[in-house]
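Single-letter residue listing:
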Amino acid sequence: MGETRSVELAADAELAYTGMWMRGLAGQRMFRELDLADVDDAVLAEIAGMTWLRVLKARGEFTDAGVRALAGPRELFDLWLDSDLIEGDFTPPDAPLRVLSLTGAALGDRSLRLTGRYPDLRVVRWSAGNATGEGLGWLPLGVQMLYLRLPRLDPAALDALGQLPRLGTLTFSGLAPTVALTRRLAALGRELSRVDFLGVERPEPETLLPLTEAGVKVNTALPV
């Protein structure tokens, strides 16, 4: 089995990240994983030629146009995109994705529609500043772990998760549990075994009772 290497970098003037240095990295096929900060559209254009990548984590100020140009990596199974400039008007590479993370203040519900193109997705992380949760209906049936940070979440939208027969772990960030919410979650199905509420300290015990009675493990007071 060939060796897999990864690189984690922050772009700055000293590294000449979008110029000669990046082009040199693009020729190094031993790097199968990239974890990059300060990414812009120019950097994504360079990455587009790295067809052998398996993991790409990109954080910065890139746009939908930059992501649309990222068509080259056809072996990706883990893709993280984090930018407050993206709105989700793109389709990631035609690749066998298992993990997809979308983070952005401008992301709305339609940004999740692209997950339907990846039937093998198992883990989805969705942090969307403009989404209400309506987009959850686009999730493929094989999703097993789901992370949600949705400041505008409509709890009724969570009913769509009942269509996910393998969903076992559900994590919320920035959402305090209520009795109405946990009753809704307890009704999702037998496979749900764990619910996390990140950043929530000492919720009232009765708010968690519907989940515990359903045999669902609950974690609270965890760091965001």
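Here the structure is a predicted model, which means the values were calculated and not measured.

Caption draft 1: Looking closely at the packing of aromatic side chains. One pass over the full model with this rule turns up one aromatic pair. Seen in terms of ring centroids, F172 and F197 are 5.5 Å apart; in terms of plane orientation they differ by 15 degrees. Their pairing is stacked. Highlighted residues: F172 in strand β8 (residues 169-173) and F197 in strand β9 (residues 194-198), separated in sequence by 25 residues. Accessibility assignment for this pair places F172 and F197 in one class, buried.

Caption draft 2: Representation of the layout of surface pockets within the structure. Looking at the largest pocket, its volume works out to about 160 Å³. Lining the largest pocket are K57, R59, W80, D82, S101, T103, R125, S127 and Y147. Those elements that provide at least two residues to the lining of the largest pocket are β3 (55-60), β4 (78-82), β5 (99-104) and β6 (123-128). A class-by-class count of the residues in the lining of the largest pocket yields two nonpolar, three polar and four charged.

Caption draft 3: Structural detail: the pairing of β3. Note that strand β2 (residues 31-39) and β3 share five bridges and pair parallel. From the neighbouring strand, V39 faces β3, where its bridge partner is G60. Crossover handedness for the path β2 to helix α2 (residues 41-47) to β3: right-handed. Across five bridges, the pairing between β3 and β4 is parallel.

Caption draft 4: Representation of unusual backbone geometry within the structure. Non-glycine residue D38 carries a positive phi angle of around 60 degrees. Take D38: it is sitting in strand β2. Backbone geometry places R202, a non-glycine residue, at a positive phi of 50 degrees. Tracing the chain through its elements places R202 in the loop between β9 and α5 (205-213).

Caption draft 5: Examining the side chain of S83 more closely. Position of S83 among the secondary structure elements: in the loop between β4 and β5. Owing to a relative accessible area of 0%, S83 belongs among the buried residues under this scheme. Looking at S83, its side chain comes within polar contact range of the main-chain oxygen of G60, at 3.3 Å. Look past the residues within four positions of S83 in its chain and what remains in contact with it is G60, E61, F62, T103 and G104.

Caption draft 6: Up close: the nonpolar core. Ranked by size, the top nonpolar core spans 56 residues in total, and within it L161, L170 and L185 carry the most contacts. Leave out the neighbours within four places in its chain, and L185 touches L158, L170, F172, L192, V195, F197 and L211.

Caption draft 7: Representation of the pattern of salt bridges in the model. In this structure the tally under the stated criterion is seven salt bridges. Between D120 and R98 there is a salt bridge whose closest N-O contact spans 3.7 Å. Separated by 22 residues along the polypeptide, D120 in the loop between β5 and β6 and R98 in the loop between β4 and β5 bring together distant segments of the chain. Among the salt bridges present, the one from R184 reaches D159, with a minimum N-O distance of 2.8 Å. Here the residue R184 occupies a position in helix α4 (residues 179-186), and D159 occupies one in the loop between β7 (145-149) and β8, the gap between them amounting to 25 residues. Linked by salt bridges that have partners in common, R68, D89 and R113 make up one network.

The rules behind each value
Residues numbered from 1 in each chain as written. Predicted model: local features only at pLDDT ≥ 70, side-chain atom pairs only at ≥ 80, totals over all residues. Heavy atoms only, no water. Phe/Tyr/Trp six-rings, centres within 6.5 Å; stacked < 30°, edge-to-face > 60°. Helix = DSSP H or I, 4+ residues; strand = E, 2+ residues; numbered from the N terminus. Buried < 20%, exposed > 50% of the residue type's maximum accessible area, 1.4 Å probe, protein only. 1 Å grid on protein atoms, 1.4 Å probe; cavity = no way out; pocket = protein on both sides within 12 Å on 5 of 7 lines; lining within 4 Å. Points joined across faces, edges and corners; volume = space filled by probe spheres on them. Nonpolar A, V, L, I, M, F, W, Y, C, P; charged D, E, K, R; others polar. Pairing = 2+ DSSP bridges. Right-handed = clockwise from strand over helix to strand, strands pointing away. Polar contact = N/O pair within 3.5 Å; in protein donor to acceptor, adjacent residues only side chain to side chain. Contact = heavy atoms within 4.5 Å. Core = buried A, V, L, I, M, F, W, Y, C linked by side-chain atoms within 4.5 Å. Salt bridge = Lys/Arg side-chain N within 4 Å of Asp/Glu carboxyl O.

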